[in-house]
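Descriptive structure summary
Chain by chain, the residues run as shown.
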Amino acid sequence: METQQTEKNTITVNNRTIEWEENMTVRRVLEVMNYTFKMLVVKVNGRLVKRKDYDHALVPKDADVKVLHLVAGG
Amino acid sequence: MDNQLSPSQLRLIQEYSYEKGEINRGYNNRTLYVDIGKNEFKERPVSDEMKEKFIGGKGFGLRLLWNGTKPDTKWDDPENEIVISPGPIAGITQYSGTGKSLVVSISPTTDLVIDSNVGGYFGPYLKFAGFDALEIQGKSDKEILVFIDGTENKIKIQEAPEEPKDSHELVEFLTEMYADDEKDKKNVSIVSSGQAAEHTLIGMLNFSWYDVRRKVCRVKQAGRGGIGTVFRNKNIKALVVKIDKVSPNANQVADLKPIMERGKRFTKEIRELDDEQNRMRKVGTSHLMEIMNEYDLLPVHNFQYGSHKDASNVDSKSFQQRFTQGMPDGCWLGCMMSCCKTVEGFELKTGPYKGQKVDVEGPEYETAAGVGSNCGIFDVDSILEINFYCDTYGIDTISYGTSVAFAMECYEKGIIDDQVTGGIKLNFGNARASLKLLHQMAKGKGFGVVVGQGVRKMKEKFIRDYDADPELLQDMGMENKGLEYSQYVSKESLAQQGGYAMTNKGPQHDEAWVIFMDMVNNQIPTFEDKAEALHYFPMFRTWFGLMGLCKLPWNDVEPVGNEETEEPEKVPEHVDNYVTIFNAVTGKNINKYELIKQSERVYNFQRIFNIRRGKGKRAHDAQPYRAAGPVTEEEYKSREKRYDEQLKKVLDIDPQEKSIPEKVKLLKKYREDRYEKLLDAVYERRGWTRQGIPKIEHLKDLGMDLPELIETVKPHLD
Ligand code: SF4
């Protein structure tokens, strides 16, 4: 018997595909990616999300998320 | 230390008087040459062309070293030089991070030019005493010190006192001796090394300043490439500089107003943003410990792994508890980033100072990762003790960490045994064993001396004397060009592999740190993108070394609105600060593109300097495989999912059908090929041939078609 493939909802983060969750915030994306670094620039579908908005800014299905880690120290 | 001796009691070997002159727009337009073998002094004029093409700092150092040495000069020939130059911006006090000097010499470990960027007050004071660079040549038959007295306009070569020998005591002793009184101590700065620098090839230099609040001398290190070893080999115990005072516009800049304005703006940023960003003022660069661990980039067990379960024992919180807080810890006046943290009253448990309470500088990230995690040591007290002894014995903590980690892995793999180590159980995590090696280095005895020759020499010895497998040692010995790697795991970032192994001096991160851009941000996916990053960032970072600037204030605090700029990773507002400050100091009118050109000139000069010494080609940019991928089965297993996925996706290989040794081999072939492709792309972007030789047209474009450079590259061009 053929197994039925359910299509998963996803987003891409820095060109890597991850699973999308209902009500997914920027903060949650950072958690899933284990991005703990503080000096980040986050863009969702090309639009900048400010640091203070990470907790409530929602990331839609199929979104293209860019999380730029700025350099420090090294 | 109680010091009854006065400078006049030291036997004077030779003295020279000079006229002070005036600094104009950041330059004295004169350098100082001292031959400590022949006891000769010369003042050398700085031409406009020299300023135009070489700027200052590292540029001046390289130009003078080229002129002073031959292609086959060895590190311990009298003709080798140590050149210290602060750069035109060095010495201003209105902007953070403006007191650095660059030190260059022929290195004992790489047989190439090495350059090291260092804080402390010596460089600015040298300039205020009347010189844009100090060039030391020759070798003395007695232990001497060179005293540059900017208060009386005299330079003296004096016989050095026999004691004390180690830096922390020597610097206090000499500061006390050369200062007129307690108030005058802040006007004295010392360059010194220590006992271990004499018996190893990884010796460094300590540059001092007097901390007026703590009433103690502090030091920063010119660490890389063994310049401390050259210093001790020349029989120099110390360099001393003394001035009257630092005046607010000692550099006689063209226009002070814009410098003050940018300085104020930057200070505000630090005050308002540092606590929520990198906490540099509280923990210095140690904040990177947890970040690197979390991103799998912290070197563990000789760079085999990128994280460890015990890393939280040595994170920045653990160090913060030890660092004195709320003190201005800048290594030059006016630095608001103030990152030179210190642990006061640390009680030593080993060695000649056992039981004494001392102040320990740092540790900075590189030290904590190098002597700590990379050697499997996750204990703050041990890291502090090793840090202290490395500093006072004159040892580079980065090369020390990478060398000890290599020896530990060799011991654990049975390549060397107790008989070789003299009974020292060199297992990862054995801090006592590491300290034993360090004390042996100071005494010039035992296996410590072997480790102190660095990774390349250890590899040669272990292959020759103990029948070690050459391929394995080549793969796991973390050196390139003879210099030990600094402390980041580059395996998963191809661009960083280039950032390390394509450097002029050897794998030190100060030239390019692009791991986040490449591995995490996935921002530079193509070879061309990576090549562009490996052009821009090394050139931009080279500029700090031409100017006498510290790199940290550039990107360790991010100004408000940076995220909205087009290229936030370049921190455009800070780049603009630097362009403005350079113009305001010198009266010139460069823009951000000319800034890169200034660096390119010196960068290409350094490459050609290496070619002149029979190196500096593609073959010398090869990396040890561990910098690029897993050498052992255990390493493969530690990231099996990632590596399997790569085999499947990119090479269309089913990992289930292969054994781990087969997979290690396949991955190695793939990753090594990619590195070769990267070399092609970067060389092209830099205007070099496929062999890594700067093309004549490119030198012409840069205005660097100097006859001696053309003559050097010509035979290598096809
Ligand atoms: S940022 Fe730190 S290392 Fe750089 S100049 Fe300031 S105190 Fe010194």
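Residues numbered from 1 in each chain as written. Chains lettered and ligands numbered in written order. Predicted model: local features only at pLDDT ≥ 70, side-chain atom pairs only at ≥ 80, totals over all residues. Heavy atoms only, no water.

1. Overview of the overall build of chain B
Assigned secondary structure in chain B consists of 29 helices and 17 strands. Whereas a compact globule of 718 residues would reach a radius of gyration of roughly 27 Å, chain B reaches 24 Å, a difference of no more than 12%. Within chain B, the fraction of its 718 residues that count as buried is 66%. Partitioning the contacts of chain B with sequence separation of at least 6, the portion at a separation of at least 24 is 71%. As presented, chain B carries roughly 24800 Å² of accessible surface, and 46% of it is formed by carbon and sulfur atoms. Taking the average location of the 99 positive side-chain charges in chain B and that of its 113 negative ones, the two points are 1 Å from each other. (Helix = DSSP H or I, 4+ residues; strand = E, 2+ residues; numbered from the N terminus. Rg over C-alpha atoms; globule rule 2.2 N^0.38 Å. Buried < 20%, exposed > 50% of the residue type's maximum accessible area, 1.4 Å probe, protein only. Contact = heavy atoms within 4.5 Å. Areas by Shrake-Rupley, 256 points an atom, 1.4 Å probe, with all protein chains shown as cover. Lys, Arg positive; Asp, Glu negative; His and termini not counted. Charge placed at Lys NZ, Arg CZ, Asp CG, Glu CD.)

2. Some words on the site of the ligand
In the vicinity of the ligand, the residues found are Gly97, Lys100, Lys220, Asp329, Gly330, Cys331, Cys335, Met337, Cys339, Cys340, Cys550 and Leu552 of chain B. Here the shell around the ligand spans two domains, since at least three of its residues come from each of domain 1 (7-242) and domain 2 (256-484) of chain B. (Near = heavy atom within 4 Å. Domains from an automatic or database assignment.)

3. Side note on empty space enclosed by the protein
Residues and elements named next belong to chain B. With the rule as written, the count across this model stands at four cavities of 30 Å³ or more. Each pocket or cavity is described by its volume, and for the second largest cavity that value is around 40 Å³. Surrounding the second largest cavity, Gly26, Tyr27, Gly56, Phe60, Ser85, Pro86, Gly87, Pro88, Lys127 and Asp132 form its lining. Here the residues of the lining of the second largest cavity sort into four nonpolar, four polar and two charged. (1 Å grid on protein atoms, 1.4 Å probe; cavity = no way out; pocket = protein on both sides within 12 Å on 5 of 7 lines; lining within 4 Å. Points joined across faces, edges and corners; volume = space filled by probe spheres on them. Nonpolar A, V, L, I, M, F, W, Y, C, P; charged D, E, K, R; others polar.)

4. Thoughts on the packing of aromatic side chains
All names here are of chain B. Summed over all chains, the structure comprises 43 aromatic pairs over all chains. With a centroid separation of 5.3 Å and an interplanar angle of 15 degrees, the aromatic rings of tyrosine 16 and phenylalanine 41 are classed as stacked. Here tyrosine 16, found in strand β1 (residues 12-17), pairs with phenylalanine 41, found in strand β3 (residues 40-45); they are 25 residues apart in sequence, far enough to count as distant. Looking at tyrosine 16, the relative accessible area reads 23%, which means it is partly exposed. Residue phenylalanine 41 is classed as buried on the basis of its relative accessible area of 12%. Ring geometry for tyrosine 121 against tryptophan 209: centres 6.1 Å apart, planes inclined by 20 degrees, an arrangement best described as stacked. In this pair, tyrosine 121 is assigned in the loop between β6 (113-118) and α3 (122-129) and tryptophan 209 in strand β11 (residues 205-211), connecting sequence segments 88 residues apart. An identical accessibility class is assigned to tyrosine 121 and tryptophan 209; each is buried. (Phe/Tyr/Trp six-rings, centres within 6.5 Å; stacked < 30°, edge-to-face > 60°.)

5. Notes on the sheet that holds strand β4 (residues 82-85) of chain B
Residue and element names in this part refer to chain B. Pairing within the open sheet is mixed, and its six strands lie in the order β3-β2-β7-β4-β5-β6. Edge strands, defined here as strands with exactly one partner in the open sheet, are β3 and β6. Going from strand to strand, the sheet's axes swing by 15 degrees on average, the running direction of each strand aside. When strand β5 (residues 101-106) meets β6, the two strands line up antiparallel, connected through six bridges. Its bridge partner being in β6, serine 101 is matched across the sheet by valine 118. (Pairing = 2+ DSSP bridges. Axes fitted to C-alpha atoms, helices over the stretch in contact; angles between N-to-C directions.)

6. Thoughts on the sheet that holds strand β9 (residues 154-159) of chain B
Residue and element names in this part refer to chain B. In space, the seven strands of this open sheet follow the order β1-β9-β8-β13-β10-β11-β12, with mixed pairing throughout. Only two strands of the sheet have a single partner each, and these edge strands are β1 and β12 (216-222). The average angle at which neighbouring strand axes cross in this sheet is 20 degrees, direction not considered. Relative to β9, β1 runs antiparallel, the two sharing five bridges. Within the sheet, the bridge partner assigned to serine 17 lies in β9 and is lysine 154. Across the sheet, helix α4 (residues 167-178) is in contact with β8 (144-149), β9, β10 (188-192), β11, β12 and β13 (236-242); its angle to β10 comes to roughly 145 degrees.

7. Observations regarding unusual backbone geometry
Trans peptide bonds make up most of the peptide bonds, and negative phi angles are found at most residues other than glycine. Residue and element names in this part refer to chain B. Cis peptide bonds are those with omega within 30 degrees of zero, and the linkage from glutamate 163 to proline 164 qualifies with -10 degrees. Position of proline 164 relative to the elements: it lies in the loop between β9 and α4. Cis peptide bonds are those with omega within 30 degrees of zero, and the linkage from glycine 362 to proline 363 qualifies with 0 degrees. Relative to the assigned elements, proline 363 resides in the loop between β15 (357-361) and α11 (365-372). Non-glycine residue asparagine 29 carries a positive phi angle of around 65 degrees.

8. Digging into helix α1 (residues 26-33) of chain A
Residues and elements named next belong to chain A. Taken residue by residue, α1 has Val26, Val29, Leu30 and Met33 as its buried positions. Down the axis of α1, the buried set is contained in an arc of 100 degrees. They therefore lie on one face. Residues of α1 that are buried in the fold lie against β1 (10-13), β2 (16-19), β3 (40-44), β4 (47-49) and β5 (64-69). Asparagine 34 occupies a position one or two residues after α1 and carries a positive phi of about 60 degrees. (Arc of directions from axis to C-beta.)

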